[in-house]
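# A closer look at the structure
Chain by chain, the residues run as shown.
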Amino acid sequence: MLTKQNNPNARSVDQTFNMFGVLLNFLITPAETGYEVSFFKGILPPGVVIPLHSHAEPEIFYVLEGSLEVYRESGQPQGWFTTQPGGVLAIPGNVKHALRNTSSTPTSVLLVTQEELYNFFRSIAKPIEVGQMHAPPSPEDTQRLFAAAAKYHYWMGSPEENATIGISLG
């Protein structure tokens, strides 16, 4: 029997998921848009880093609160830059990029992307209860991440590639 927790097409407006420190709510699923796009709300607590990566699907971010630091390897702007509340940012598909919140307050964003990236997120995000502290990723979580990355053609930068842009993975 499908439940909200095990149905990949279930909306999760009221369910928060932890994806390696990023808190996600899946607001609109691909099934609701004819398998074209999906719409999320994400919260990056202070100190959260999304290491250098790329994927075929484009992403559009709208910053609600806080500031989002973004690294883009190509396109404009290039390098590290900060997007403030009300700012919109598009990352084309296959552009290497990283995200981080180096401030002392959470950063809230809205995200629009396509079905494949939604499926990747759903395969690694874990449901959490409101107020529950997120635990560091277990070795099993990390294995799930690498398996999902391979399945969904999600490129992840090496520790050396991340260090080159100022991200420490250690």
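Please refer to the structure placed before this passage.
In this report, the structure presented in the accompanying data block is examined.

So, how was this worked out
- Residue positions are counted from 1 within each chain, in the order its sequence is given.
- Only residues with pLDDT of at least 70 are given local features in this predicted model, and only at 80 or more are side-chain atom pairs given and counted; all residues enter the totals for whole chains, interfaces and linings.
- Hydrogens and water molecules were not included; the side-chain quantities draw on all heavy atoms of the structure.
- Here a helix means four or more residues in a row that DSSP labels H or I, a strand means two or more in a row labelled E, and each is numbered from the N terminus.
- Contacts were defined at the residue level, with two residues in contact if any of their heavy atoms lie within 4.5 Å.
- Two aromatic rings from Phe, Tyr or Trp, using only the six-membered ring of Trp, form a pair when their centres are within 6.5 Å; if the ring planes differ by under 30 degrees the pair is stacked, by over 60 it is edge-to-face, and anything between is tilted.
- The criterion for a charge sitting over a ring is simple: Lys NZ or Arg CZ within 6 Å of the ring centre, and within 35 degrees of the ring normal.
- Throughout, exposure labels follow a simple rule: accessible area from a 1.4 Å probe, protein chains only, divided by the maximum for the residue type, with under 20% read as buried, over 50% as exposed, and the rest as partly exposed.
- Here, any two strands with at least 2 DSSP bridges between them count as paired.
- Within this scheme, the nonpolar core is defined by two criteria: the residues are buried Ala, Val, Leu, Ile, Met, Phe, Trp, Tyr or Cys, and they are joined through side-chain atoms within 4.5 Å.
- Lines fitted to the C-alpha atoms define the axes, with helices restricted to the stretch that makes contact. Angles between their N-to-C directions range from 0 to 180 degrees.

The next thing to look at is the environment of Ala148. Residue position: Ala148 is located in helix 2 (residues 139-151). With 25 residues separating them in the primary sequence, Ala148 and Ser123 have C-alpha atoms 6.8 Å apart. Setting aside its immediate chain neighbours within four residues, Ala148 contacts Phe120, Ser123 and Ile124.

Moving on to the packing of aromatic side chains. Applying the stated rule across the entire model yields nine aromatic pairs. Both rings, one in Phe120 and one in Tyr152, keep their centres 6.3 Å apart while their planes meet at 80 degrees; by these two values the pair is edge-to-face. Here the residue Phe120 occupies a position in helix 1 (residues 115-124), and Tyr152 occupies one in the loop between helix 2 and strand 12 (155-156), the gap between them amounting to 32 residues. Here the aromatic cluster, defined as three or more aromatic residues joined through ring pairs, consists of Phe17, Phe26, Phe40, Tyr118, Phe120, Phe121, Tyr152 and Tyr154. Positioned above the aromatic ring of Trp155 is the side chain of Lys96, whose terminal nitrogen or guanidinium carbon lies 4.3 Å from the ring centre. Arg100 extends its terminal NZ or CZ atom over the ring of Trp80, reaching a point 3.6 Å from the ring centre.

This part covers the pairing of strand 6 (residues 68-72). Residues in a regular strand point their side chains to alternate faces of the sheet. For strand 6, a buried count of five out of five residues is recorded, marking the element as mostly surrounded by other parts of the structure. Of the two faces of strand 6, the one carrying Leu68, Val70 and Arg72 and the one carrying Glu69 and Tyr71 are both buried. Relative to strand 7 (residues 79-83), strand 6 is paired through five bridges, and the arrangement is antiparallel. Across the sheet, residue Arg72 finds its bridge partner in strand 7, namely Gly79. Hairpin remark: strand 6 followed by strand 7, antiparallel, with six residues in the connecting loop; positive phi at Gly75, about 85 degrees.

Let us now look at the sheet that holds strand 6. The strand order 7-6-9-4-12 describes an open sheet built from five strands, whose pairing is antiparallel. Bordering the open sheet on either side are strand 7 and strand 12, each of which pairs with just one other strand. Across four bridges, strand 6 lies against strand 9 (residues 97-100) in antiparallel orientation. Bridge assignment links Glu69 to a residue of strand 9, and that residue is Arg100.

Right, let's get into the nonpolar core. Residues Leu24, Phe26, Phe61, Leu68, Val70, Phe120 and Phe121 are the most contacted members of the largest nonpolar core, which totals 31 residues. Per-element accounting of this core gives the leading share, five residues, to helix 1. Ranked by size, the runner-up nonpolar core spans five residues in total, among them Leu52, Tyr71, Ala98 and Ile165.

A word on the sheet that holds strand 5 (residues 59-65). The antiparallel open sheet is built from seven strands, whose spatial order is 8-5-10-3-2-1-11. This sheet does not close on itself; its edge strands, each paired only once, are strand 8 (88-91) and strand 11 (126-128). Between one strand axis and the next, the sheet turns by 30 degrees as a mean value, whatever way the strands run. Relative to strand 11, strand 1 (residues 16-19) runs antiparallel, the two being bridged by three bridges. Residue pairing for strand 11: Asn18 is matched across the bridge by Lys126. In this fold helix 1 packs onto strand 1, strand 2 (22-28), strand 3 (37-44), strand 5, strand 10 (107-114) and strand 11, with an angle of close to 125 degrees to the strand it touches most, strand 10.

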